[in-house]
Amino acid sequence: MPSFTSPDQGDDLEACVLRFSDLDLKDTRLINPSSSLKGELDVSTKKKYSFAKKKAFALFVKTKEVPAHTPECKEKWWKCCQQLFRDRISIHKHVATQHADEICHETASVLKQLAVTLNTSKTLGSEDNRKPLKEYLPCNREVSAWLPDISCFSPDELISGQDSDGGEVLLYYCYRDLEDPHWVCAWQTALCQHLSLTGKVRIATEGINGTVGGSKLATRLYVEVMLSCPLFKDYMCKDDFKTSKGGACCFPELRVGVFEEIVPMGISPNKISYKKPGIHLSPGEFHKEVEKFLSQANEEQSDTILLDCRNFYESKIGRFQGCLAPDIRKFSYFPSYVDKNLELFREKKVLMYCTGGIRCERGSAYLKAKGVCKEVFQLKGGIHKYLEEFPDGFYKGKLFVFDERYALSYNSDIVSECSYCGAPWDQYKLCSTPQCRQLILTCPACQRQGVTACCVTCQDKGRRPASSPTQSSFKEE
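The shown structure was predicted, so the numbers you read here are calculated from the model rather than taken from an experiment.

Participant: Sorry, what's going on with the overall build of the chain here?
Facilitator: Along its length, the chain carries 17 helices and 18 strands. Per-residue burial over the chain gives 49% buried out of 477 residues. On the chain, roughly 24000 Å² of surface is accessible, and the fraction owed to carbon and sulfur atoms is 50%.

Participant: What am I meant to see in the pattern of salt bridges here?
Facilitator: A side chain with one charge may pair with a side chain of the opposite charge, provided their charged atoms come close. Counting across every chain of the model gives 14 salt bridges. Among the salt bridges present, the one from Lys 349 reaches Glu 289, with a minimum N-O distance of 3.0 Å. Taken together, the residues span a long stretch of sequence, with Lys 349 in strand E12 (residues 349-353) and Glu 289 in helix H10 (residues 283-295) at a distance of 60 residues. Given the relative accessible area of 10%, Lys 349 is considered buried. Residue Arg 405 is joined to Asp 403 by a salt bridge in which the shortest nitrogen-to-oxygen separation is 2.8 Å. Each member of the pair, Arg 405 together with Asp 403, is buried. The structure contains a network of salt bridges with shared partners spanning Glu 206, Glu 261 and Arg 362.

Participant: What should I look at first to understand the packing of helix H8 (residues 181-194) against helix H9 (residues 216-228) in this one?
Facilitator: For any two helices packed against each other, one specifies the crossing angle of their axes together with the interaxial distance. The contact between H8 and H9 brings their axes to 11 Å, and the two run at 150°. Compared by their axis directions, H8 and H9 come out roughly antiparallel. In terms of crossing hand, the pair formed by H8 and H9 is right-handed. Residues Trp 187, Gln 188, Leu 191 and Cys 192 of H8 form the contact with H9, whose participating residues are Tyr 222, Val 225 and Met 226.

Participant: What exactly am I supposed to notice about the confidence of the model for the chain here?
Facilitator: Detailed conclusions should not be drawn from predicted coordinates in areas where pLDDT is low. Put simply, the chain has an average pLDDT of 81, and 77% of its residues get 70 or more. Note on residues 120-138: pLDDT is under 50 here. Beyond four places in sequence and across chains, it has seven contacts.

Participant: Honestly, the packing of aromatic side chains in this entry has me stumped. Any pointers?
Facilitator: In this description, a pair of aromatic rings is defined by centroid distance and the angle of the planes. Under the counting rule described, the total for this entry stands at 20 aromatic pairs. An angle of 80° between the planes, with centres 5.3 Å apart, marks the rings of Trp 146 and Trp 187 as edge-to-face. Here the residue Trp 146 occupies a position in the loop between helix H6 (100-124) and helix H7 (155-159), and Trp 187 occupies one in helix H8, the gap between them amounting to 41 residues. An identical accessibility class is assigned to Trp 146 and Trp 187; each is buried. Consider the rings of Trp 183 and Trp 187, whose centres lie 5.9 Å apart with planes at 15°: the pair is stacked. Separated by four residues within a single helix, Trp 183 and Trp 187 lie in helix H8, roughly one turn from each other. Accessibility assignment for this pair places Trp 183 and Trp 187 in one class, buried. Here Arg 86 stacks its cationic end above the ring of Trp 77, 4.7 Å away from the centre of that ring. In this structure, Arg 202 is placed above the aromatic ring of Phe 259, and the distance from its NZ or CZ to the ring centre is 3.9 Å.

Participant: Help me understand the nonpolar core in this model?
Facilitator: The nonpolar side chains of a soluble globular protein tend to be buried, and buried together. If you look at the biggest cluster of nonpolar residues, it comprises 38 residues, and the most contacted ones within it are Val 184, Trp 187, Leu 195, Ile 208, Tyr 222, Met 226 and Phe 232. Among the elements of the structure, strand E4 (167-175), H8, strand E5 (198-204), strand E6 (207-215), H9 and strand E8 (254-258) are those that each provide at least two residues to this core. The leading source of residues in this core is H8, at eight residues. The contacts of Met 226, once residues within four sequence positions are left out, are Tyr 172, Trp 187, Gln 188, Ile 208, Phe 232, Lys 233, Met 236 and Phe 241. Grouped together as the second largest cluster of nonpolar side chains are 29 residues, Met 265, Phe 331, Val 338 and Cys 354 included.

The rules behind each value
Counting of residues starts from 1 at the beginning of each chain's written sequence and follows it residue by residue. Residues qualify for local features only when their pLDDT is at least 70, as the model is predicted, and side-chain atom pairs are given and counted only at 80 or more; totals for whole chains, interfaces and linings, by contrast, use all residues. Think of the side-chain values as coming from all heavy atoms in the structure, minus any hydrogens and water. We count a stretch as a helix when DSSP gives it H or I for four or more residues in a row; a strand needs E for two or more, and each element gets its number in order from the N terminus. Under the scheme applied here, a residue whose accessible area is under 20% of the maximum for its type counts as buried, over 50% as exposed, and between as partly exposed, the area being computed with a 1.4 Å probe on protein chains only. Residue burial considers only the protein chains on display, and all accessible areas are found by Shrake-Rupley using a 1.4 Å probe. For this analysis, a salt bridge means a side-chain nitrogen from Lys or Arg found within 4 Å of a carboxyl oxygen belonging to Asp or Glu. Every axis corresponds to a line fitted to the C-alpha atoms, with the helix fit spanning only the stretch in contact, and the corresponding angles, defined between N-to-C directions, vary from 0 to 180 degrees. Roughly parallel refers to an angle under 35 degrees, roughly antiparallel to one over 145, roughly perpendicular to one between 65 and 115, and oblique to any angle outside these ranges. For any pair of crossing helices, the crossing counts as left-handed if the nearer helix is rotated counterclockwise from the farther one by less than a right angle, and right-handed if it is rotated clockwise. Residue contacts follow a heavy-atom distance rule, with two residues in contact if any of their heavy atoms lie within 4.5 Å. pLDDT expresses how confident the predictor is about each individual residue, on a scale running from 0 to 100. Under the pairing criterion, centres of Phe, Tyr and Trp rings, with the six-membered ring standing for Trp, must be within 6.5 Å; the plane angle then separates stacked pairs below 30 degrees from edge-to-face pairs above 60, leaving the rest tilted. Note on geometry: a ring has a charge over it if NZ (lysine) or CZ (arginine) is within 6 Å of the ring centre and within 35 degrees of the ring normal. Take the buried Ala, Val, Leu, Ile, Met, Phe, Trp, Tyr and Cys residues and link them wherever side-chain atoms come within 4.5 Å; each set so joined is a nonpolar core.

So this is what it looks like as structure tokens:
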């Protein structure tokens, strides 16, 4: 599974692919790539569409594996969409019916990777066309060879302290070109399961972006493996991993996947590359620049903009003093915000920041590409690293995180308020209406009065009698 085999191997290839007796993956009604994608592929790759779809399906199902809840049971279970599946038939049917879009996306990625593999194998195989492609790979491609030895630890040691008090959450990213993101996906899935880690890992040809939680022993081993891995050891150091109190409980499951971007800005990395970012400033350097910026705040025409490139619900509960916080719901809206406000940035020095630094890598590259700014700087390591050095610095309020904790607290400042009564409040909760997944700031006094929804419409729905508990009733509207 981890390495690609040349499609020209014919029937032998089909025989080695995982087979699903309960699901006809050749049924094109389940997954259909766009006609434009088909047009990009050569005839040989088109013939292997069935193989690519099977591989994409197998990779997706693999990421949903969890250990069986009973020690005596050695079989694998699967967890997806908050549901537990105990047999292959049920998880296969669930994925086929509920995740067709993701499988389509994965299939497209596999097909494109196969096309690249074909071209590479043809070039390298001029001396002997029958040589397998794996002979040309620079290192051991067996996933098991890249997993740490945990035989010296008991299972209890590995999972003890996984709760929010004794565990840890890692946040990291690494931009570097990856030739085989699907192999990295299989390896990361196996590695996280090996260490009983939960969380989210995004992989693309441009690099890797991860947030994982578990025991401190598990996260330490994970960092050691990443820093010794030939793919990343020359691109990462221990300081690139941001840590915070948490654990496996902070995430409902493990999700590892291959995407076009490791942070979804909505623009192809081929158009805006991570290789042309702004100038990185250490937390200390950034602190001095912000201090200088704030000292000039009273001047009518400041030549500096302190730009928060996070979403509005993140900056709402915590931000740098004097910052410009765009009213955007997700990072893919950032480019259009820049396009609409180019004059705002003209001939200005821009100081950018985000949670851990990853959004600034692409965001600063996009801003620089517009050619209107005098200079573009970004906070290396993001707010996370800044608060480690300056917990009482110029960042006020909480740091929003994308897991069950919602926010981290480094200081006692409250910069947001209850959405209903206006009292100081900064602790997010989910809207009480099951169909809605919006975050809401509602203080204890308003909660006691029954005000627990994000809007009047949801509040009204909450008063209605509950409908039958079907699966569809819990889908986001």
